[in-house]
Amino acid sequence: MGTQPDYLKVGFTKIEQDLRFLMDCFAGVLTRLGQEEMAAFLPWRGTPPPEGEAVPARIGQVYSIAFQLLNMVEALAAAEMRSLRESTEGLAAEHGLWGQQLKRLRDAGFSPETIAETAGAIRVEPVLTAHPTEAKRLGVLEQHRVLYTLIEEQNHRSLTPSEVASLRERITATLERLWRTGEILTSKPSVTDELRNVLYYLREVFPAVLPKLDERFRFAWEAAGFDPRAIRGGYPRLCFGTWVGGDRDGHPLVTPEVTAETLATLRLNALQMLRQKLAGLAEKMTLSATAQPVSDALVATRERLIAELGKERAGPILSAYADEPWRQSVLLMRARLPVVPGVNGGARELENGYASPRELAADLTVLDESLREVGADRLADLDVRPVLRIVDRFGFHLAQLDIRQNSAFHDKALSQLLTAAGFDGSQFSEWPEAERLRFLERELRSPRPFLHSGVSAG
């Protein structure tokens, strides 16, 4: 084994190089726009700003963008150092990641079956909020993502001189968009604005990243010497929640109508995201019925979907892909999603669509098993399983909406329930805390809560 690199030195060198490159590009943007005095104040360029010179009016925006670029290159350097350490020392070298943790569990004597069973029972649910200190515009977030991807491309490819020039031009153009866009909203964001920001992550970021997390878990599992077949049902479950549209305790504009609209928007976006995922899966399911047999279960599923959709909707799919039953099946599933895209980004729901994500998951499972029956396990693992996991994690709701309410409203509701049940609920809010807890715990254990003692439960 060769000498290990000095990761700290390599990482800081990368940060310095990337940061100087971006600051030079940013300085070029400012100079070209007639803002030379701004360019002189840019940090990390090796030339301090002129002493005694008046500070330009928009210097705050200059430094805000500069420090965001610093955060970006630090994140990229950290990711690259993890990759370098993994390549040099193996998956178990990085502290806190799956490779190391699975090795520790294996060395401690835990069996693969026990680990898989426990991992499959794990549920993690990050909850997204609309924090008042996070006022970035959606356009800014999108440009940050573009810029990150461009810098990553620059660092991980062997580029020709013309490709280097093209990449620099695109990075510079992205920095110009950031400068021209402005950092923050000029007016207080509405609940719709807050929800739009949350949807950006729920639709565009998380669905793309989650399959990669599963892939990392699978690689770490195999690196630990475990049979990959043991974890098909043992991946940790990562779901998402949000307060936006449900926070009636901290947001005066969140009404019952806003909450209902938020739930409908989350559902619509979940279904539209699933349409995209199923379309992508259909493009991969090009297997021909003449090259391998089609399972009886897949044939039955396809026939059922045709009957449920009707010949008018199913006919074009069947005729376009006459010899590709796997692709037909996926497109029929897509057509049966309970939403049809409308004009101007709208949509309408179908009455005969899937009633729940479990029905879609069941049909995808049949597809998965039909591939394995013909020995196409790799296609099942790499193509179908990620979509199944997306259905499991996002369902038809995208994220769980947390309803937060002031405790005074809870007390009022319980007082009304007690009064309706024949008790005196007028003083409930004044009961001692311990007495309220005892009462609520007793009622929650009852199959018929709030039932008056003089009334029979039968």
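See above for the structure.
Being a predicted model, the structure only gives us computed values, none of them experimental. (Residues numbered from 1 in each chain as written. Predicted model: local features only at pLDDT ≥ 70, side-chain atom pairs only at ≥ 80, totals over all residues. Heavy atoms only, no water.)

**Concerning the environment of Ala173**
Part 1 of the reasoning: With respect to the helices, strands and loops of the structure, Ala173 is situated in helix H7 (residues 161–181).
Part 2 of the reasoning: You can call Ala173 partly exposed: its relative accessible area is 29%. (Helix = DSSP H or I, 4+ residues; strand = E, 2+ residues; numbered from the N terminus. Buried < 20%, exposed > 50% of the residue type's maximum accessible area, 1.4 Å probe, protein only.)

**Some details on unusual backbone geometry**
Part 1 of the reasoning: You will see that Trp44, though not glycine, has its phi angle at about 65°, which is positive.
Part 2 of the reasoning: Looking at the element boundaries, Trp44 is found in the loop between helix H2 (36–39) and helix H3 (59–89).
Part 3 of the reasoning: Here the phi dihedral of Leu398 falls at roughly 70°; this positive angle occurs in a residue that is not glycine.
Part 4 of the reasoning: Since its relative accessible area comes to 0%, Leu398 is described here as buried.

**A closer look at the sheet that holds strand E2 (residues 127–128)**
Part 1 of the reasoning: A sheet is described by the order of its strands in space; here 3 strands give the open sequence E2-E4-E7, paired in parallel fashion. Strands with a single pairing partner mark the edges of an open sheet, and in this sheet they are E2 and strand E7 (400–401). (Pairing = 2+ DSSP bridges.)

**With respect to helix H8 (residues 191–223)**
Part 1 of the reasoning: Compared with an ideal rise of 1.5 Å per residue, which puts 33 residues at 48 Å, H8 spans 46 Å between its outermost C-alpha atoms and is within 8% of the ideal.
Part 2 of the reasoning: Considering bend angle alone, the principal kink of H8 is centred on Phe206 and spans about 45°; proline Pro207 follows within four residues of it. (Expected span 1.5 Å × (residues − 1). Bend = angle between axes of the 7 residues up to and from the residue.)

**A short note on the environment of Val366**
Part 1 of the reasoning: With respect to the secondary-structure elements, Val366 resides in helix H13 (residues 357–373).
Part 2 of the reasoning: We classify Val366 as buried; its relative accessible area is 17%.
Part 3 of the reasoning: Residues Val366 and Glu435, spaced 69 residues apart in sequence, show a C-alpha to C-alpha distance of 53 Å.
Part 4 of the reasoning: Other than its neighbours up to four places away in sequence, Val366 contacts Ala297, Leu298 and Thr301. (Contact = heavy atoms within 4.5 Å.)

**A closer look at the packing of H3 against helix H6 (residues 138–155)**
Part 1 of the reasoning: It is at 11 Å that the axes of H3 and H6 come closest, and there the two elements cross at 45°. If you check the angle between H3 and H6, you find them oblique. For H3 against H6, the interelement crossing comes out right-handed. Together, Gln68, Leu69, Met72, Ala75, Leu76 and Glu80 of H3 and His144, Leu147, Tyr148, Ile151, Glu152 and Asn155 of H6 make up the contact between the two elements.
Part 2 of the reasoning: Its residues assigned to classes, the contact of H3 with H6 shows 7 nonpolar, 3 polar and 2 charged. (Axes fitted to C-alpha atoms, helices over the stretch in contact; angles between N-to-C directions. Parallel < 35°, antiparallel > 145°, perpendicular 65-115°, else oblique. Left-handed = near helix turned anticlockwise from the far one by under 90°. Nonpolar A, V, L, I, M, F, W, Y, C, P; charged D, E, K, R; others polar.)

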